[in-house]
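# Fold and contact review
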Amino acid sequence: MIKWLGVLLAATGIAGTVLAAPPQVAVFRFELIDTSGGGQKPGHTEWLDGVTQIIRDGFVQYGFSTPDLTPAQAEIEDGEPLYGCNGCFLDIAKQHQWDWAVAGVVRKVSELILGMQVMVFEAETERVLFNRTVSFRGDNWKAWERAAKWLVRHKLKKLKLFALHHGKFCS
């Protein structure tokens, strides 16, 4: 019986997909780009940590593996801000053998208008796999949290489908 199951899986091409491990997705801390002239609020640091955790948890929710970035902390701090380091976070991901690298920014245009961008790269090839931005209103934790959760619910789910289609891991 087991022999026939193996033949069936091999014939249908499912065997490779089933045996593949999920990609290691390194979710780097989100950063703030403030062009509003209003400056940072006291809560921004915590909010950036919070949305980073929501995105990281979203990857885990959809079956991805998210490594601890602590071993790379010194390199990460040397490259900050990551949005302006010319892809240094991709070098960090390659060095640590993480498959995908996630960079995110919150762009504050005014006290009312903000945008949250999530970019996912295949570390080895530096190919962009995913780049989505959501606009949101209100420079407060509730608005930031809602934007991050919306990205997880409505956009990150599509990355799992992409990974499944390309045999990156089993469902």
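Residues numbered from 1 in each chain as written. Predicted model: local features only at pLDDT ≥ 70, side-chain atom pairs only at ≥ 80, totals over all residues. Heavy atoms only, no water.

## As for the overall build of the protein chain
As a reminder of what qualifies: By the criteria applied, helices consist of DSSP H or I runs no shorter than four residues and strands consist of E runs no shorter than two, each listed in order from the N terminus. Relative accessibility decides the category of a residue: with a 1.4 Å probe and only protein chains considered, values under 20% of the type maximum give buried, values over 50% give exposed, and everything between is partly exposed. All accessible-area figures derive from a Shrake-Rupley calculation using a 1.4 Å probe, and residue coverage is judged against the displayed protein chains alone.
Scanning the protein chain from N- to C-terminus turns up six helices and five strands. Reading the protein chain from its N end, one meets helices and strands in the order α-α-β-β-α-α-α-β-β-β-α. Taken across its 171 residues, the protein chain has 43% of its residues classed as buried. Entry remark: accessible area of the protein chain is about 9300 Å², with carbon and sulfur atoms responsible for 56%.

## Describing the environment of V27
Quick reminder of the rule: Contacts are residue-level and defined by heavy atoms, with any inter-residue pair within 4.5 Å sufficient.
Here V27 is to be found in strand β1 (residues 25-27). Separated by 66 residues in sequence, V27 and A93 have C-alpha atoms that sit 9.8 Å apart. Apart from the residues within four sequence positions on either side, V27 is in contact with T52, I55, R56, F59, T66, L69 and V102.

## Some details on the side chain of R56
So the rule is basically this: Only four residue types enter the tally: Lys and Arg on the positive side, Asp and Glu on the negative side, with His and both chain ends excluded. Any carboxyl oxygen of Asp or Glu that lies within 4 Å of a side-chain nitrogen of Lys or Arg is treated as forming a salt bridge with it. Distance and chemistry together define a polar contact, namely a pair of N or O atoms within 3.5 Å, with one atom able to donate a hydrogen and the other to accept it when in protein, and with adjacent residues in sequence counting only for side-chain atoms on both sides.
Note on placement: R56 falls in helix α3 (residues 44-61). Notably, R56 is buried but unbridged: the nearest opposite-charge side chain belongs to D57, and the N-O separation is 6.6 Å. Separated by 2.8 Å, the side chain of R56 and the backbone oxygen of V27 make a polar contact. In this structure R56 touches V27, T66 and L69, once residues within four positions along its chain are discounted.

## Topic: helix α5 (residues 88-95)
C88, F89, L90, I92 and A93 are the residues of α5 that are buried. If you follow the buried residues of α5, they end up packed against α4 (73-79), β3 (100-108) and β4 (113-122). Just beyond α5, the residue with positive phi is Q97, at close to 60 degrees.

## Digging into a nonpolar patch on the surface
Filter applied, for reference: In this analysis, a patch consists of residues with relative accessible area above 30% that form no salt bridge, clustered at 9 Å for like charges and at 5 Å for the nonpolar side chains Val, Leu, Ile, Met, Phe, Trp and Tyr.
A contiguous nonpolar surface patch, about 250 Å² in accessible area, is contributed by V109, L112 and I113. Residue placement: V109 occurs in the loop between β3 and β4.

## Notes on the confidence of the model for the protein chain
We apply this condition: The pLDDT value expresses, per residue, how confident the predictor is, ranging between 0 and 100.
When the pLDDT values of the protein chain are averaged, the result is 84; 81% of them are 70 or greater. Confidence drops under a pLDDT of 50 for residues 1-12, and excluding neighbours within four residues, the segment shows three contacts in the predicted structure. Across residues 14-19 the pLDDT falls below 50, and counting only partners more than four positions away or on other chains, this stretch makes eight contacts in the model.

## Remarks on the side chain of E31
Mapped onto the fold, E31 is located in strand β2 (residues 31-34). No salt bridge is formed by the buried E31, whose closest oppositely charged neighbour, R29, lies at an N-O distance of 6.1 Å. If near-sequence neighbours (up to four positions away) are discounted, E31 is found in contact with L48, E80, P81, L82, Y83, G104, V105 and V106.

## Thoughts on the pattern of salt bridges
This model, assessed by the stated rule, comprises seven salt bridges. Of the charged contacts in the structure, one is a salt bridge between K94 and E126, with a shortest N-O distance of 2.7 Å. In this pair, K94 is assigned in helix α5 and E126 in the loop between β4 and β5 (127-137), connecting sequence segments 32 residues apart. Relative accessible area serves as the criterion here: at 29%, K94 is assigned to the partly exposed category. For E111, the salt bridge goes to K108, with nearest N and O atoms at 2.9 Å. The class for E111 is partly exposed, based on a relative accessible area of 41%. The class of K108 is buried, set by a relative accessible area of 1%.

## With respect to the pairing of β3
Rules: Should DSSP find at least two bridges between two strands, the strands are taken to pair.
The buried fraction of β3 amounts to eight of the nine residues, a majority that puts the element mostly inside the structure. Where β1 meets β3, three bridges bridge the pair, whose relative direction is parallel. Bridge pairing in β3 places A26 opposite A101. Pairing between β2 and β3: four bridges, direction parallel. Of the residues in β3, the one forming a bridge with I33 is R107. Pairing geometry for β3 and β4, over nine bridges, is antiparallel. Paired with G104 across the bridge in β4 is V118.

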